[in-house]
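Listed below are the residues making up each chain.
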Protein chains: 4
Amino acid sequence: MSQIRKAVLAYSGGLDTSVIMKWLQDTYHCEVVTFTADLGQGEELEAARPKALKLGIAAGNIYIEDLREEFVRDFVFPMFRANTVYEGEYLLGTSIARPLIAKRMIEIANLTAADAVAHGATGKGNDQVRFELGAYALRPDIRIIAPWREWDLLSREKLLAYAEEHGIPVEMKHRQGGSPYSMDANLLHISYEGRHLEDPAAEAEESMWRWTVSPETAPDAAEYLDLEFECGDLVAINGQRLPAHELLGRLNELGGKHGIGRIDLVENRYVGMKSRGCYETPGGTILLPAHRAIESITLDREVAHLKDDLMPRYASLIYNGYWWSPERLALQKLIDHTQRAVNGWVRVKLYKGNVIVVGRDSATDSLFDSTIATFEDDAGAYDQKDAAGFIKLNALRMRIAARLAARRQ
Amino acid sequence: MSQIRKAVLAYSGGLDTSVIMKWLQDTYHCEVVTFTADLGQGEELEAARPKALKLGIAAGNIYIEDLREEFVRDFVFPMFRANTVYEGEYLLGTSIARPLIAKRMIEIANLTAADAVAHGATGKGNDQVRFELGAYALRPDIRIIAPWREWDLLSREKLLAYAEEHGIPVEMKHRQGGSPYSMDANLLHISYEGRHLEDPAAEAEESMWRWTVSPETAPDAAEYLDLEFECGDLVAINGQRLPAHELLGRLNELGGKHGIGRIDLVENRYVGMKSRGCYETPGGTILLPAHRAIESITLDREVAHLKDDLMPRYASLIYNGYWWSPERLALQKLIDHTQRAVNGWVRVKLYKGNVIVVGRDSATDSLFDSTIATFEDDAGAYDQKDAAGFIKLNALRMRIAARLAARRQ
Amino acid sequence: MSQIRKAVLAYSGGLDTSVIMKWLQDTYHCEVVTFTADLGQGEELEAARPKALKLGIAAGNIYIEDLREEFVRDFVFPMFRANTVYEGEYLLGTSIARPLIAKRMIEIANLTAADAVAHGATGKGNDQVRFELGAYALRPDIRIIAPWREWDLLSREKLLAYAEEHGIPVEMKHRQGGSPYSMDANLLHISYEGRHLEDPAAEAEESMWRWTVSPETAPDAAEYLDLEFECGDLVAINGQRLPAHELLGRLNELGGKHGIGRIDLVENRYVGMKSRGCYETPGGTILLPAHRAIESITLDREVAHLKDDLMPRYASLIYNGYWWSPERLALQKLIDHTQRAVNGWVRVKLYKGNVIVVGRDSATDSLFDSTIATFEDDAGAYDQKDAAGFIKLNALRMRIAARLAARRQ
Amino acid sequence: MSQIRKAVLAYSGGLDTSVIMKWLQDTYHCEVVTFTADLGQGEELEAARPKALKLGIAAGNIYIEDLREEFVRDFVFPMFRANTVYEGEYLLGTSIARPLIAKRMIEIANLTAADAVAHGATGKGNDQVRFELGAYALRPDIRIIAPWREWDLLSREKLLAYAEEHGIPVEMKHRQGGSPYSMDANLLHISYEGRHLEDPAAEAEESMWRWTVSPETAPDAAEYLDLEFECGDLVAINGQRLPAHELLGRLNELGGKHGIGRIDLVENRYVGMKSRGCYETPGGTILLPAHRAIESITLDREVAHLKDDLMPRYASLIYNGYWWSPERLALQKLIDHTQRAVNGWVRVKLYKGNVIVVGRDSATDSLFDSTIATFEDDAGAYDQKDAAGFIKLNALRMRIAARLAARRQ
């Protein structure tokens, strides 16, 4: 295989990808371009620049970009249009960020004439798949370097030793053993895996959670929110229109304050194993039932059921890394088409971990017709006698079968 | 059409079905058999007996039966094996009771040589469909009388006038306008529809809820439960084995105490309209995530996904009244087969409306293999290099397509 | 219910709808507008005009329209994009014509300020449902008159008597008992039901078939066709570009000549019964495998599988009359999106009932990459070693389960 | 990784697996057990014994087994219960044989205390996946040797050179270039891939086909068959009950004689590429429509539709090698459950490539009720007026939506 000349590295600024940055240069003797994306993980990303410079990256090869709005507008919100949940529980906070990083990595590779991309995901997880499927789909000849599948620095000790040996700055926390958890954060969620959590029977420690207070310590007073939707997307909170990422940020604050959005689960990874994960998704946990509620009065029944039937498949596609696949795009066409009618508002009440939908309406698209549904006299809007024929014909096939069964006895 | 000789009436003991009991005798000149079932609705059912006697029913034609255990064991629990939820929210509390009533109505019709059954469901709702599809499936030649679709007593005033005229006892509450809501209750839930709720934008009144305290007034201290499952069914709470209906009753108490299980939604009825409903399902709201949690470590990924893909269809079948259909039975075969492995325990924490799964394990059936999933050294249990080939082949079709797209530009 | 002023009748020119035309005027005392559509059924439709005039229809109220091109272009071809087959066999020839007739009936009702539509479909079949669901979806307040569900002319004798009594011309064939079959024809197919066919065990008589010769009497020499597709639609035969309906007409001739497209089946009607039907669909029977073949080299695997998974649902929607439903439109969005890549040609061989695909290719969109698939040396286009990892990770969940099972023994 | 002691080789007796037999001994220095299965491929398998002996295999290590009955009874017939077709065309003839070979390989490995299995499938195809997923599922610690992914004998020339060098007998046909096609045969089909077929635009040569005459050269007289089914399986032909494999063999003869069962397609392999394949499946091509036909009168509509909806998924599982997966087993439970009612007979006419169903009936399980479906007077079996209510309620949601749309304009 031909040599690699230039590689774009998804660089977080942390220890692991700093080691990779050095290792790439030493192992592949290639130029390295670093790409650090702000997806709302809440860290100071400019700190990555001096680190990269110090480890030999040319100033022009350091890309630090704020992708927060694109992330929420073009990835998170489209996904929520489908009420997407993986395995009944997981809101796909990590999964949905990867395709954007993959896309931007490839764009930077194209800009810088790089022939490879590199990432710091391990060989056991889903993220390697998500990065690489995206990269291959967007640039089929790209070379991919996944150091965790190649090198022998498979323990924390070896990694630290390599860092010390090569002059890579190591923060005190890493020397002391680092965080007890493997974490990932962006505007949609923060995740925790590993260590203590590897025993699925053990309760997560309260000290682990970072974005939400516990329900117990959340305020004693409930808070109501009015959420406004247009074409299935949240556009305003309490009447205030904001860009997508600011809306989600605001929901995160509110959810976090009210102890909303913690989840503790065992999930099935695409690579074949079960894995325990804990997640905080405060804003998403508010958004999901609110979106369902606005759909509940604006979507046709069969359209809603079609979406529900397809959702698990769509969720698996995202979880497994197929955001850039043609089948995800085809499903998105259908989903987006249905959302043209999803306009209106939803009122939710936040209280100590609860998100309670208390009202919903649509001035333009409500299919709720109280003149028909009423228990009172409906002035002929609905002829109850129609129901007899409806039931009789729906029962016909079962009656024929039952008559046959009776004859046979 | 031939005359009706004897009709079995699903008799609640309330005003509506008392009027029906009289109306049936007067209109069809037929003998009436009353059937009153205890499904855990929490009312004194023996009160129905003197009422029926007073209105001319022969003592031998009054059936009052405790179906609580059968209801939970053979209907509720099988449904929960599929993690069944209708339209993302509704736990099908009313829907799942109807097929049992239909079945027992038909059995009593067979026992008493009746040629008809009658019920008090209106012509706008789902319940008429559920009763009648069940009845037709189990006895294809049965005659069905649905007075609400036939008579002209379509307002409360006319109903009361009829009652007074025919000597049917009317309780004070009915004279005063009756309950503001149309309600239905059984061991799985209590439901509210109508009146104030007919405006989907209006918040439900706190005074409406009957089974649960509000999260605000629930205890300040959380409570942990250990739930034990065998073949997908709950068999013990905190180590205490109980019959199915007692387990669900216990969960209802605990859920109600902790403000768990209120839901407020707009649903799509089978008869074609949208309808606002509020439900309290305290026990079911605990059971659902607990069942998901025990499945999460005992079910194979693809089996779990297959179940998730089929669930909305299974839920619609139950919602629409097809419990006794051959397609529901076929799906149940698949579902039940998968549950043989669903054995183990789940720990949940109840707190002010929250049901939080904090741990789960299975001594016999756990597919969670921490030696593989671990972030630590796995001693060769998993070869990370395998992932490269896995990704490459999964990406192949997208790479071929991308190469074609590139050539075309 | 208010009186009907003016009704648009779907008028074939035949005996049944002629009787209806008269009956409508006599029964409803309403003005009648007749609508006769040429969908390629192969009859002289202008003959309907003098008949209508004779029975009292105003000249300006007689609509005779050639809808052949719209029918094939906007209904048949979109349906074939999904490889649509109902219950594995039926190409939906009748079903796909009804929504166009419903649409045009409503348009004419709007043009003529009519408040009702009427049709000649019986109360046992699917066509009433297809007409009426379409009509209601396109004009929700339309009144629908279905004489077969209302009148008492339920036998042929009564119908003939009514005709004679009211001066409706009766052709000799009707006096002699009429056709032994209930038939329907359009550019996609001709159908036969009833009489002799009501015994599902009995073979259809050779004399019944009208559009195709039998395979036995078809030419002894095969004929090859080159079919060209653009965006999933047939656009040319043997290099000759023609409008959609002329292409289908040409395929019908060719198929008919070669004994292609007879089918004999028992289908499940939406109204709940099983029904024996025989169909001739010569052109469609050529088109279906040809479309599949061009998709086979141009569609991504997972997109193709997604379409296959959704096809039965889409087929049922069309069969059941839901062409104008929002869920059909949503599915069509997905389907049409996938067809942008479906460009190329297919060669088929027609011979005595057989349609044999013998070659296919696409100059612009072929995803067939012989450098990868080859059994010969591929010069590194595909690394066979990748397969080991692919298999290992796909097997992982089953290995973990098997290890657990082994430990348990 | 520890050394391999003993490997079970799936040994066809042909050149490739003879070379593998030698190569295994030389490369892994392991004992080799050969397993040669008769699946109806129509070759003399005992010829494999002296070959194996000559190449150093111990007499007790040579397994030659007749698996034909098990193959058809436990693999082919269960698959046909689902009307299984992959990608609309392929009857899975190769796919369905692999799981049986995998199972028996593992059983022999267990019997002989072998720690590995080896096969001759290439690294580009589906068969490696099918063998290995089966093997891993049945014995998770098995070692798998796939020489085509490991060695460097990647051209025919190298293979022949290796054979000559190691004293492996080479037949004249191989010296002359061997068959122009890669072939696989068993009782269900024979397949052709490679060479000339690698151009999807090129018609297959007539000389390629081995099991069927061409429709052109098939007899001029049609032949009728009566096929009898019990629980969804074929049990008798023309009244003669035979074991499963003899029935399929008989259908193969009849189909082959009448030019039935050739198919030429481009399929999507699980490993990610498109591939051109030609198949002869004479018996299966008769069996499939016959099974559909007997289902058409014995299966409930919704059960049949459920099966149709699940079929593509079931087909993909088999195609991709997941026969031994828990999800295939779960689906099989559902499928088999539905087949209890699938009893009766079907008459088919075979003529020059055509399989024409001309009649079907069931003495015990027919749901076809001609008293209801009839176009004649049904004496009240079905009330046509019921259809009005049926349609009205099914239309209700669309009418509400249309009214909203009208108001908005």
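These numbers were taken from a predicted model, which means no experiment stands behind them. Residue numbering note: each chain is counted from 1, following its sequence as written. Chain letters and ligand numbers both follow the written order, the letters beginning at A and the numbers at 1. Thresholds applied to this predicted model are a pLDDT of at least 70 for local features of residues and 80 or more for the giving and counting of side-chain atom pairs; totals over whole chains, interfaces and linings are not thresholded and use all residues. Side-chain numbers here rest on the full set of heavy atoms in the structure, without hydrogens or water.

## A few points about the domain arrangement of chain A
Residues and elements named next belong to chain A. Filter applied, for reference: Domain delimitation in this document rests on an assignment produced automatically or drawn from a domain database. The contact rule is simple, with two residues in contact once any of their heavy atoms fall within 4.5 Å. A simple way to read buried area is as the amount of 1.4 Å-probe accessible surface that goes missing from two parts once joined, with both sides added. Any Lys or Arg side-chain nitrogen located within 4 Å of an Asp or Glu carboxyl oxygen qualifies as a salt bridge.
Along its sequence, chain A is carved into domain 1 (6–67 + 94–175) and domain 2 (182–361). Its C-alpha centre places domain 1 at a distance of 28 Å from the equivalent point of domain 2. Contacts between domain 1 and domain 2 engage 20 residues on the former and 19 residues on the latter. Between domain 1 and domain 2, roughly 1600 Å² of surface is buried when both sides are summed, and carbon and sulfur atoms account for 62% of that area. Its largest share of buried area at the contact with domain 2, domain 1 owes to Thr94, Ile96 and Asn126, together 28% of the area lost on that side. At the junction of domain 1 with domain 2, the criterion picks out one salt bridge. Residue Arg98 is joined to Asp184 by a salt bridge in which the shortest nitrogen-to-oxygen separation is 3.3 Å.

## Re the sheet that holds strand β10 (residues 240–241) of chain A
All names here are of chain A. Rules: Strands are labelled as partners when DSSP assigns at least two bridges between them. Segments assigned H or I by DSSP are reported as helices when at least four residues long, segments assigned E as strands when at least two residues long, and all are numbered from the N terminus. In this analysis, axes come from line fits to C-alpha atoms, helices being fitted only over the stretch in contact, and the angle between any two N-to-C directions falls in the range 0 to 180 degrees.
An order of β10-β9-β8-β13-β14 is seen for the five strands of this open sheet, with the pairing classed as antiparallel. Each edge of the open sheet carries a strand with a single partner, namely β10 and β14 (354–361). As paired strands, strand β8 (residues 223–230) and strand β9 (residues 233–237) are joined by four bridges and run antiparallel to one another. By the bridge assignment, Leu227 is partnered in β9 with Ile237. The sheet contacts of helix α10 (residues 282–298) involve β8, β9, β13 (344–351) and β14, and relative to β14 the element is tilted by about 25°.

## Focus: the interface of chain A and chain D
Rules: Identification of polar contacts relies on pairs of N or O atoms within 3.5 Å, with a donor-acceptor requirement for protein atoms, meaning one able to donate a hydrogen and the other able to accept it, and with residues adjacent in sequence counted only if both atoms are side-chain atoms.
Listed as interface residues are 24 residues of chain A and, on the opposing side, 24 residues of chain D. Taking both sides of the interface into account, the surface hidden between chain A and chain D amounts to around 2200 Å²; carbon and sulfur atoms contribute 63%. Taken together, the connections running from chain A to chain D amount to six salt bridges. Between the two partners, chain A and chain D, sit six residue pairs in polar contact (both at pLDDT 80 or more). If you list the elements that add at least two residues to the side of chain A that touches chain D, you get α11 (301–320) and α14 (386–408) of chain A.

## As for the side chain of Ser316 of chain D
For clarity, the cut-off: For each residue, the accessible area found with a 1.4 Å probe, counting protein chains only, is set against the maximum for its type, and the residue is called buried under 20%, exposed over 50%, and partly exposed in between.
Looking at the element boundaries, Ser316 of chain D is found in helix α11 (residues 301–320). Taking relative accessible area as the criterion, Ser316 of chain D reaches 15% and is therefore assigned buried. Those residues within four positions of Ser316 of chain D in sequence are excluded, and the remaining contacts are His305 of chain C together with Tyr86 of chain D.

## A look at the relation of the copies chain A and chain D
Threshold: Alignment of the copies relies on least squares applied to C-alpha atoms, considering only residues that score at least 70 for pLDDT in both.
Structural alignment of chain A on chain D gives an RMSD of 0.0 Å, achieved by rotating through 180° and translating 0.0 Å along the axis. What we have between these two chains is a two-fold relation. Proximity to the rotation axis, assessed at the C-alpha, singles out Phe390 of chain A in chain A; its C-alpha lies 1.8 Å from the axis.

## Quick word on the packing of α11 of chain A against helix α12 (residues 326–338) of chain C
The cut-off we apply is this: For classification, angles of less than 35 degrees are called roughly parallel, those exceeding 145 degrees roughly antiparallel, those between 65 and 115 degrees roughly perpendicular, and all remaining angles oblique. Polar here means any residue outside two lists: the nonpolar Ala, Val, Leu, Ile, Met, Phe, Trp, Tyr, Cys and Pro, and the charged Asp, Glu, Lys and Arg; Gly therefore counts as polar.
Following both chains from N to C, one finds α11 of chain A and α12 of chain C inclined at 40°, their axes separated by 7 Å at the closest point. The angle between the axes of α11 of chain A and α12 of chain C places the two elements in the oblique class. Between α11 of chain A, through Glu302, Val303 and Leu306 of chain A, and α12 of chain C, the contact on the second element is made entirely by Pro326, Glu327, Ala330 and Leu331 of chain C. In the contact of α11 of chain A with α12 of chain C, the residues fall into five nonpolar, no polar and two charged.

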